[in-house]
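# Remarks on the overall topology
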2 protein chains.
Amino acid sequence: MGDNFILRGDICWSTGPDTMETVRNGWIVCEEGKCAGVFTRLPEQYKGLPVTDTGGQLIVPGLTDLHLHAPQYTFRGMGTDLELLDWLENHTFPEEERYEDMSYASKAYDIFAQDLKNSPTTRACVFATVHREATEYLMEALEQTGLCTYVGKVNMDRNAPKALCEGGAAASAKETRRWLEDIRGRFSHTRPILTPRFVPACSDELMGELAKIREEWNLPVQSHLSENQSEVEWVKELMPEAEFYGDAYDRFGLFGGAGPAIMAHCVWSDDREMGRMKDRGVHIAHCPQSNMNLSSGIAPVKKYLSSGLRLGLGSDMAGGYHLSIFRAMLEAVQVSKLRWRLVDQDLAPLTLKEAFYIGTKGGGSFFGKVGSFEKGYAFDAVVMDDRGIRTARDLSVKARVERMICMSEQCTMTAKYAEGRRIC
Amino acid sequence: MGDNFILRGDICWSTGPDTMETVRNGWIVCEEGKCAGVFTRLPEQYKGLPVTDTGGQLIVPGLTDLHLHAPQYTFRGMGTDLELLDWLENHTFPEEERYEDMSYASKAYDIFAQDLKNSPTTRACVFATVHREATEYLMEALEQTGLCTYVGKVNMDRNAPKALCEGGAAASAKETRRWLEDIRGRFSHTRPILTPRFVPACSDELMGELAKIREEWNLPVQSHLSENQSEVEWVKELMPEAEFYGDAYDRFGLFGGAGPAIMAHCVWSDDREMGRMKDRGVHIAHCPQSNMNLSSGIAPVKKYLSSGLRLGLGSDMAGGYHLSIFRAMLEAVQVSKLRWRLVDQDLAPLTLKEAFYIGTKGGGSFFGKVGSFEKGYAFDAVVMDDRGIRTARDLSVKARVERMICMSEQCTMTAKYAEGRRIC
C-alpha cells in the first residue's frame, strides 16, 4: 500500500458508460492505496497531506489491458498481411517456441515489462507461453514494475508445433500445478490466471484437467472466443456437441460462473453465446486493433454494452501493435462507426465517453473496485501532460480528455500510480 | 536547390505498388536537389561529396499528404461523435469563420505550419478557408518551413453560414483573382491550387467562374468527392443533370483532363465515376482515418490501384486527427481488411507494401517525379530512428520499415529534406 498523498490537476473519470465527471484544478486524495475522493475544495481533514500540484495536467484512472500476449511483443508490426490461423502458424508459434530458451525469454520479457510499465496501463491480464520457467521470469519482471497483473502460463496440447504441445494433457496439467506451487506466495501484485490458449489447441482431456486445477486453486480463467469465422467453424468440427463456441469452455466450468473469466474478442458471438456470457458474468476483452490487423471483423460492442455485459479493452499484443489502451479507446469508436455504416445501421456507434468507460472502469472491474476515482476505488492514476497537442483554442477539461484519447501518442505521461504506489 | 551531399543508412523506397527496394548500409546521393541514385558501394564520381552517416537509421522518401485542411488543425480530435454534414455545421464552419480574424489565424497557422514541418510529410495539398488574407499568411508560414505545398483559398457561395459564402459567386471569383495576383511570384515552393469546397457549397455560377480562372491561370484543382452517402444524395438533388457526383465538376473542366486535379475520399464512387477519374487522370486522395472518424465508409482502394487510377494518401485534418502519413498507411491497410471481411470478399486487402507506395510515390506523382529514390526524382527524404521500437530480435531492413509504418509514433525523425533542402 502506498503512502497518503494528494494530487492536484484537471481530473476526469467515469462512473458509468454515460457519465464522465471532470473537475478543473481539483484535488484527488490517496489514502492507504485507495481513492478517498475528488474535491473542488480540499476538505479540512486532508490538509496535512503532501500535495503534488501537476500544474493543470490531466489526471485520469489507470487503464486496464484485459488481453495481451507478452511473448509476441518481439514481433509486433510484422507479418501484417496474414489472417489469424496463418499468422499463428507462420509467426506466433515459431516465436513462442523460442521462450524455451531463457536467455532469449529474459531479454524479451525485460523489454516487454519495461515498455508496459511506461505505458498508461496499470492493470493487465497477460498470456505468457507454455514454458513454466519463462512464465515465472515474466512474473518476476512484472512484479518489479509495480503494475497489478494476472499472468497465465499457456496450456496447449494439440494443433500446434510439437514443441508447444507440452507432451499431452497430463504433462501440461502437471507443469501447470508445478508453476502454481512455484509461485505460491512469491508476489504481492502479480497473480496467476488459468490460460487454455483456445479450444482448437486444447483437447477435452486437457480441459478436464484444467477444470480440476481451477477448482483446486480457485483461479480466474482467460482465453479466446469467436475471434475469426474460420476459427468458429473449426471449433464446431472439433467439438460438435457444444451448442456454440463458448459452450466448449462452459462445459468444463471455464466460462465464468464459478469464478471470473475473460474471453478475448467475441467478434462473432451469436445471441446464445452472448446470453451465456451475461449469465456467467464473463468479461469480454474487446481488441479493436487486432480485429482489424488480422481481418477478423468488428465486435458488436455497443450491443454488449447496452445489454449489460462486462466489457474491457485489450491491446491483444501482437495481434495489435500498440500497448496504449488510449489508442484502443479511439479504435473501438472508429471500428464501431464502420460497423454502423457498413454492417448494421441499427447498432449505433460507441461514443468516446463509452470507450473511456470501457478502458477504465469496465476493464478495471475484473480486478475489483478499479478504474474510477469514486471513493474506495484503488488509487490507480495516470498524469498526462497534453501540452504537446498544441492549439490556438482554449479548451474545457472534457475537450482536452477527448483530444488526449484521440492523440495520446502526442501526450507525455508524467506520473503513474497503481494502488497508490508510484510506478513512473 | 540544395547542395550536393550523400546520406548513408538503411534505405527503402518503392518503384511500383509491388516493388519495394531496400539497401542496408547504402549511400544515397543528392545532386542539385535530385536523387542521383542509391548505391551499395559509392561510385568514384561522388567520392568528394560530404557524407552524413546516419548510423543505420532508416531513410525513406518524404511522404505526401494529398488532402488536409489547415484551419481545422485547431479542433482535431473534437466533435468525434458526429457524421460529415453535422460535423461541418457544428464544428467546421464555426471554426473556419474565425479565420477572418488575422490575430487568431496567424496564431493557428503558425502552430499548424510548425507541426507539419515536424511531421514526415514533405509535400502537401492544403485547404485554407475562404479568407484571402489568412490564406496568404498560411502560404507565407508554409514557405518558411521549406516544405513543397499547394495551398488553396477555398471557394463557397451556398449552404454554409453567410460569413463563409463570400457574398456570392462574382465576389468569390473576384477575391480569388485578387489572391492569385497578390501571391504571384512571391514563393518558391508554395503554389496556389483552385479549391471549390465541394458541390453542395458551390453554385453553378461559381463553378463557371472558377472554370474561367482555372484556364486563365492554368491551375490545378482540389476538392471533395463521394465521401458520404447523404452528401452524394444531396449532390443528386442539387444538380440532377449530372451523371454522377464527379460529373458535376467535370462539366466545368474542374475534374482533371485539362489540368491536374485531386479528389478527396471517393468512398462511394461508382464504376462510371471511377472510369471518368481514370480518363481524366484525377488523383484520388484516400483518407482512411477521416472516413472512419466521420462514419463515411471504406473506399475500394485496392480496386482503384489495380485499375490503374492515381492514388495518394491524405490525413484530411481534421476529419483525421493525425498528420502522419505513416499512420495513414497503416490505417489504409487496416480498413481495407475490414472491407474485405465485411463488405466484399472479392476485393483483397491492401498490403503494407502497397500502402507505402501510395503514401510516397503514389501521392508524390501529383508533384512530378517525387516520392521515390529512382534517379532523377526530387530529393525528398526522411531519416527515421527506429530504435524506440525495442525488440529482442534481429531484423531485416524490410521488417524494420514494416514496423516503422505500424508504430511510427515510436520512431524519431532525425532529419528531413525536400528538394535537397534540409527542413528538420
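How each quantity is defined
Residues numbered from 1 in each chain as written. Chains lettered and ligands numbered in written order. Predicted model: local features only at pLDDT ≥ 70, side-chain atom pairs only at ≥ 80, totals over all residues. Heavy atoms only, no water. Contact = heavy atoms within 4.5 Å. Buried area = accessible area lost by both parts, 1.4 Å probe. Salt bridge = Lys/Arg side-chain N within 4 Å of Asp/Glu carboxyl O. Polar contact = N/O pair within 3.5 Å; in protein donor to acceptor, adjacent residues only side chain to side chain. Helix = DSSP H or I, 4+ residues; strand = E, 2+ residues; numbered from the N terminus. Nonpolar A, V, L, I, M, F, W, Y, C, P; charged D, E, K, R; others polar. Buried < 20%, exposed > 50% of the residue type's maximum accessible area, 1.4 Å probe, protein only. Least-squares fit on C-alpha atoms with pLDDT ≥ 70 in both. Phe/Tyr/Trp six-rings, centres within 6.5 Å; stacked < 30°, edge-to-face > 60°. Lys NZ or Arg CZ within 6 Å of the ring centre and 35° of its normal. Pairing = 2+ DSSP bridges. Axes fitted to C-alpha atoms, helices over the stretch in contact; angles between N-to-C directions. UniProt positions renumbered as here; feature names shortened; annotations may be inferred.

### What about the interface of chain B and chain A?
- Taken together, the contacts link 56 residues of chain B with 56 residues of chain A.
- Summing the contributions of chain B and of chain A, the shared interface buries around 4,900 Å²; its carbon and sulfur component is 54%.
- Of all residues in chain B, the largest losses of buried area upon contact with chain A belong to B:K337, B:R390 and B:R393, amounting jointly to 14% of the total for that side.
- The interface formed by chain B and chain A includes eight salt bridges.
- Counting the contacts that link chain B with chain A gives 30 residue pairs in polar contact (both at pLDDT 80 or more).
- Every element with two or more residues in the side of chain B that touches chain A is listed here: α2 (102-117), α9 (288-293), α11 (325-342) and α13 (397-406) of chain B.
- With nine residues, α11(B) is the single largest residue contributor to the side of chain B that touches chain A.
- Considering only residue class, the side of chain B that touches chain A consists of 24 nonpolar, 17 polar and 15 charged.

### Some thoughts on unusual backbone geometry
- The linkage connecting A:M317 with the following residue, A:A318, adopts the cis geometry, with an omega of 5°.
- For A:N218, which is not glycine, the phi dihedral falls at a positive 50°.
- Backbone geometry at B:D316 places phi at a positive 45°, although glycine is not the residue there.
- Tracing the sequence through the fold places B:D316 in the loop between β14 (310-313) and α11.
- Looking at B:D316, the relative accessible area reads 3%, which means it is buried.

### Structural notes on the relation of the copies chain B and chain A
- Mapping chain B onto chain A calls for a screw motion: a turn of 180° about the axis and a shift of 0.0 Å along it, with 0.0 Å RMSD after fitting. One copy is carried onto the other by what is essentially a two-fold rotation axis. Among all residues of chain B, the minimum C-alpha distance to the rotation axis is found for B:E409, at 3.3 Å.
- Looking at chain B, 100% of its interface residues are interface residues in chain A too, so the copies touch through the same face.

### Comments concerning the packing of aromatic side chains
- Inspection of every chain in the model, using the stated rule, returns 28 aromatic pairs over all chains.
- An angle of 50° between the planes, with centres 5.8 Å apart, marks the rings of A:F75 and A:W87 as tilted. Of this pair, A:F75 sits in the loop between β5 (63-69) and α1 (84-97) while A:W87 sits in helix α1, and the two are 12 residues apart along the sequence. For the pair shown, A:F75 and A:W87 are each scored as buried.
- Summarising the aromatic geometry, the rings of B:F5 and B:F379 are spaced 5.3 Å apart at their centres and angled 80° between planes, so their arrangement reads as edge-to-face. Of this pair, B:F5 sits in strand β1 (residues 5-16) while B:F379 sits in the loop between α12 (352-364) and β15 (381-385), placing them 374 residues apart in sequence. Across this residue pair, the class does not change: B:F5 and B:F379 are buried.
- In textbook terms, an aromatic cluster arises when at least three aromatic residues are bridged by ring pairs, as seen for A:F5, A:F379 and A:Y417.
- Of note, A:R76 hangs over the ring of A:Y73, and the distance from its end group to the ring centre comes to 3.7 Å.

### Focus on the pattern of salt bridges
- With the rule as written, the count across this model stands at 63 salt bridges over all chains.
- Between A:E216 and A:R177 there is a salt bridge, with the nearest N and O atoms lying 2.7 Å from each other. Linking A:E216 in helix α5 (residues 204-217) with A:R177 in helix α4 (residues 169-183), this pair joins segments that are 39 residues apart in sequence.
- Among the residues examined, A:E216 registers a relative accessible area of 49% and is labelled partly exposed.
- Judged by relative accessible area, A:R177 falls into the partly exposed class, the value being 25%.
- B:K303 serves as the salt-bridge partner of B:D271, at 3.2 Å between the closest nitrogen and oxygen. With a gap of 32 residues between them, B:D271 in helix α8 (residues 271-280) and B:K303 in helix α10 (residues 301-306) connect regions that are remote in the sequence.
- Overall, B:D271 belongs to the exposed group, its relative accessible area being 55%.
- You can call B:K303 partly exposed: its relative accessible area is 32%.

### Quick word on the pairing of strand β11 (residues 221-225) of chain B
Residue and element names in this part refer to chain B.
- Burial analysis of β11 places five of its five residues in the buried class, the great majority of the element.
- Residue alternation in β11 divides its side chains into two sets, V221, S223 and L225 and Q222 and H224, and both sets are buried.
- Summarising the sheet, β11 and strand β12 (residues 261-265) pair through five bridges and their orientation is parallel. Bridging across to β12, H224 finds its partner in A264.

### Looking at the sheet that holds strand β13 (residues 283-286) of chain B
All names here are of chain B.
- Taken in spatial order, the four strands of this open sheet run β11-β12-β13-β14, and their pairing is parallel. Two strands in the sheet have a free side with no partner beyond their single neighbour: β11 and β14. The mean inter-strand angle of the sheet, taken between neighbouring strand axes irrespective of direction, is 30°.
- Looking at chain direction, β13 and β14 are connected through four bridges and run parallel. Within the sheet, the bridge partner assigned to H283 lies in β14 and is R310.

### A look at the UniProt feature "domain: Amidohydrolase-related" (unreviewed entry) in chain A
- When the UniProt feature table is mapped onto this chain, "domain: Amidohydrolase-related" (unreviewed entry) is found at residues 59-388 of chain A.
- With 43% helix and 16% strand, residues 59-388 of chain A has its two end C-alpha atoms placed 16 Å apart.

### A closer look at the sheet that holds strand β7 (residues 148-152) of chain A
All names here are of chain A.
- If you trace the four strands from one edge of the open sheet to the other, you get β5-β6-β7-β9, paired in parallel fashion. Single-partner strands in this sheet number two, and they are β5 and β9 (190-192). Taking each pair of neighbouring strands and ignoring which way they run, the sheet shows an average axis angle of 20°.
- Alignment of strand β6 (residues 121-127) against β7, held across five bridges, turns out to be parallel. The partner of R123 across the bridge, within β7, is C148.

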